[in-house]
Structures are given as structure tokens and as C-alpha cells.
Amino acid sequence: MNVRRRHISGIAVTAAAAVGLGTLSACSSDSSAAGNTDKFDVVASFYPMQYLAEQIGGDHVNVTTLTQPGQEPHDLELSAKQTAQMGEADAVLYLKTLQPAVDEAVGQADVKTKIDAATLTKLKDHGSVEHDHGHDHGGEEHAAEEHSEEAHSEEEEHALDPHVWLDPVKYAEIAEGVATAFEKADPDNAADYRKNADALTKKLADLDTAYKDGLANTDTKVFFTNHAAFGYLAERYGLTQEAINGLDPESEPSPARIKELQDEAKADGVTTVFYETLVSDKTAKTLAKDAGLKTDVLDPLEGITDKSKGDDYIAVMESNLKALEAALGAK
Ligand code: ZN
């Protein structure tokens, strides 16, 4: 369930309770925005973490998401209320290095179970893209960080690509780890968490197969994207991602970079410049126009909104596959 729907149902329950429809009050706990219900309360940092928590947790969890639908997650700032909610939760599920503000809040929060998805699979450095991801947040906050054991790897951390959820295989590895953490933190419901996780990893395995089959034989292996979110996906399926903007979707490409991309489009038979739903498509459209290319949406799944091409992770990934098949000339 997405946050918007949860919010609406919360209002509905409140209104119903106000006119005395007490039979609905049992729903109020799972509609609560606070991280302190009789369920296993999980605070998720952004959509891909929310989806894992909801799929694996099923009826036993109350999931609150820090990044609202439509909000670009990289530069998230947390409110005092959100930070307080985190302190009341049973568990927090996040992906270290993607959102510096979340990393800092988790570091300071008194939560029993902290699940860092970045530790549940192997992150890589996809380098060779123009980016300064996290640097504008990095310096001062990291200098002030008290976790000295992490300080030495600060530079390496910044070089690691956090967009790991876009590889269904790595996302399934994270799902396994989340299930194990839920089982440990809430042993009464361990059997259900395991069962739900198995169902999810089966869906992700099917998605992986669809990608493998769909992208096995294509005219070109190169695709252009707005920001470098698809490095893991490209690597998994033997493709080459050329990112206009690097890892940070808000940055602007240099004129030299634009020229380079235009030349490469010609050389590699690139047909399409992909953009995404949560950030401006201006650069992608300008590049496409200048180079005579098409544009289409490739969704990095950093949030689900009404504009998303599908209402959950699996559906959007399936629509991404269709878009890639068309752009790459799949046979
Ligand atoms: Zn991103």
C-alpha cells in the first residue's frame, strides 16, 4: 500500500470513528502514521525499502515511509517528527549512502533493529560517470560523525553505486536478508515472514528470467539515461548505460558531455534517450532533439506516483523491460 492511500484511509478511519462507527476502529492501528502500533513497526527510507517491508511483513507490519511519493529521494531532508517516529519504531530499513540525511538519523536513533540493505548484497563502484553524488552533503556531516570506524571508508562509500534495487537478483538477496532480520526481531511471526519472502524472491526470479530472455538478442546494447541509476541492471543483462547526468539526477551535463553522447549515439545505434518521472526531462529532451533520438521513460523506482507506469515494483520493472526492448531493438 502506498503512503498516499495509507494517508487517505487514516483520514477515513478518523472520520468514521468521529461519527461512532466503532467497527472500523480495529483498522486504526495499521493506518497510523506513527511508528508505535501493536504491529511490528517498520520505518522504510524510500519506496524500494517500503516494498520489501510490506511484501515480507504482510499483515504483521505497519510500514511508514520517510520519502513521500513523488519526492526525489537523494536530497531528502527529515522533519523533526520523522526523526522522532524513527525512534518509536521496532525496525528501520534503509540503504546506506543513498540518503545522507537518513544515514545520519539512523545513526542517532534508538531503534532496536537497524537494517542496512547495503550490507545485504554487494555494492559496486560503477565509476566513469560525471557525478559528485553526496558530496554536497558529505563533508561537514561526515566530519561530525562519531562512528570513527566508518570514517576511513568515506571516500570509497561515495564511489559506490547505491541503485542496487534495479537488479532483481541483488534485490532478491536484500529481500532474503530483510526476512532474516524480521524473523529475528519478531520471532512470533517468523514463519510468515519466511513464506512471504519466498513468494517475493520467486517473483523476482521470474522477473530476472523475463529480463534475460527479453534482452538476450538486441540490435544495440547501449542505452542513454537521465541519471546513472541503471548500472546494476546494465551489468546483470550485458548492457551499457550512458548516463547524461551521473548518479545525481539534479546535476547538469557539460557541453562536452553532450557532444560525446551525440557521437556515441551515432556510433552505437542508440535510438532513445530515457528520462524518469520524478525529475525534469529537459536535458533528455534537448539531447534527443539535437541528436534526432526518441525519448521514453525508464523508471528508477525511487518512488511510485500516479504517473508511474505500474503500481508496484514488479509492474514498473516489467514496463521498464518493455521500454528497453523497444529502445534496444530486441528480437
Ligand atoms: Zn538515483
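Look a little higher up for the structure.
Residues numbered from 1 in each chain as written. Predicted model: local features only at pLDDT ≥ 70, side-chain atom pairs only at ≥ 80, totals over all residues. Heavy atoms only, no water.

(A) Representation of the pattern of salt bridges within the structure. Counted by the stated rule, this structure contains 13 salt bridges. Salt-bridge contacts for Arg236 lead to Asp167; the nearest nitrogen and oxygen are separated by 2.9 Å. In this pair, Arg236 sits in helix α11 (residues 231-236) while Asp167 sits in the loop between α8 (154-159) and α9 (168-185), placing the two residues 69 residues apart along the sequence. Among the residues examined, Asp167 registers a relative accessible area of 2% and is labelled buried. Residue Lys259 pairs with Asp263 through a salt bridge whose shortest N-O separation is 2.9 Å. (Salt bridge = Lys/Arg side-chain N within 4 Å of Asp/Glu carboxyl O. Helix = DSSP H or I, 4+ residues; strand = E, 2+ residues; numbered from the N terminus. Buried < 20%, exposed > 50% of the residue type's maximum accessible area, 1.4 Å probe, protein only.)

(B) Region of the structure containing the pairing of strand β5 (residues 222-225). Side chains Val222 and Phe224 of β5 all project onto a buried face; the interleaved residues Phe223 and Thr225 project onto the opposite face, where all are buried too. Pairing geometry for β5 and strand β6 (residues 240-243), over four bridges, is parallel. Counted as the bridge partner of Phe224 is Glu242 from β6. After leaving β5, the chain enters α11 and then returns to the sheet as β6, a path that is right-handed. (Pairing = 2+ DSSP bridges. Right-handed = clockwise from strand over helix to strand, strands pointing away.)

(C) Quick look at α9. Relative to the 26 Å expected for 18 residues at 1.5 Å per residue, α9 spans 25 Å between its end C-alpha atoms, a close match to the ideal helical length. Of the residues flanking the start of α9, the one acting as N-cap is Asp167, its side-chain oxygen 2.8 Å from the backbone nitrogen of Val169. (Expected span 1.5 Å × (residues − 1). Polar contact = N/O pair within 3.5 Å; in protein donor to acceptor, adjacent residues only side chain to side chain.)

(D) Local environment of the packing of aromatic side chains. What the rule picks out here adds up to ten aromatic pairs. Considering the side-chain rings of Phe40 and Tyr193, the 6.3 Å spacing of their centres and the 45° angle between planes classify their relative orientation as tilted. One end of the pair, Phe40, is in strand β1 (residues 40-44); the other, Tyr193, is in helix α10 (residues 190-214), with 153 residues separating them in the sequence. In this structure, Phe40 and Tyr193 share a single accessibility class: buried. An angle of 75° between the planes, with centres 6.4 Å apart, marks the rings of Phe223 and Phe230 as edge-to-face. Relative accessible area serves as the criterion here: at 1%, Phe223 is assigned to the buried category. A residue is classified by how much of its surface remains accessible, and Phe230, at 2% relative accessible area, is buried. Clustering of aromatic rings is evident, with ring pairs tying together Tyr47, Tyr51, Tyr171 and Tyr313. (Phe/Tyr/Trp six-rings, centres within 6.5 Å; stacked < 30°, edge-to-face > 60°.)

(E) Spatial organisation of the nonpolar core. With 59 residues, the main nonpolar core has Leu52, Ile56, Phe182 and Tyr313 as its most contacted residues. Those elements that place two or more of their residues in this core are β1, α3 (47-57), β2 (61-65), β3 (91-94), α9, α10, α11 and α14 (313-328). Top element by residues in this core is α14. It accounts for nine residues. With sequence-adjacent residues up to four places away left out, Leu52 is seen in contact with Gly57, Leu93, Tyr171, Ile174, Ala175, Val178 and Leu200. (Core = buried A, V, L, I, M, F, W, Y, C linked by side-chain atoms within 4.5 Å. Contact = heavy atoms within 4.5 Å.)

(F) A look at the environment of Val111. As for its position among the elements, Val111 is in the loop between α5 (100-108) and β4 (113-116). In the structure, Val111 is positioned 19 residues away from Val92 in sequence and 7.2 Å away in space, judged by C-alpha atoms. Apart from residues lying up to four places away in sequence, Val111 is in contact with Met86, Gly87, Ala89, Asp90, Ala91 and Val92.

Coordinates in, geometry out; function isn't part of it.
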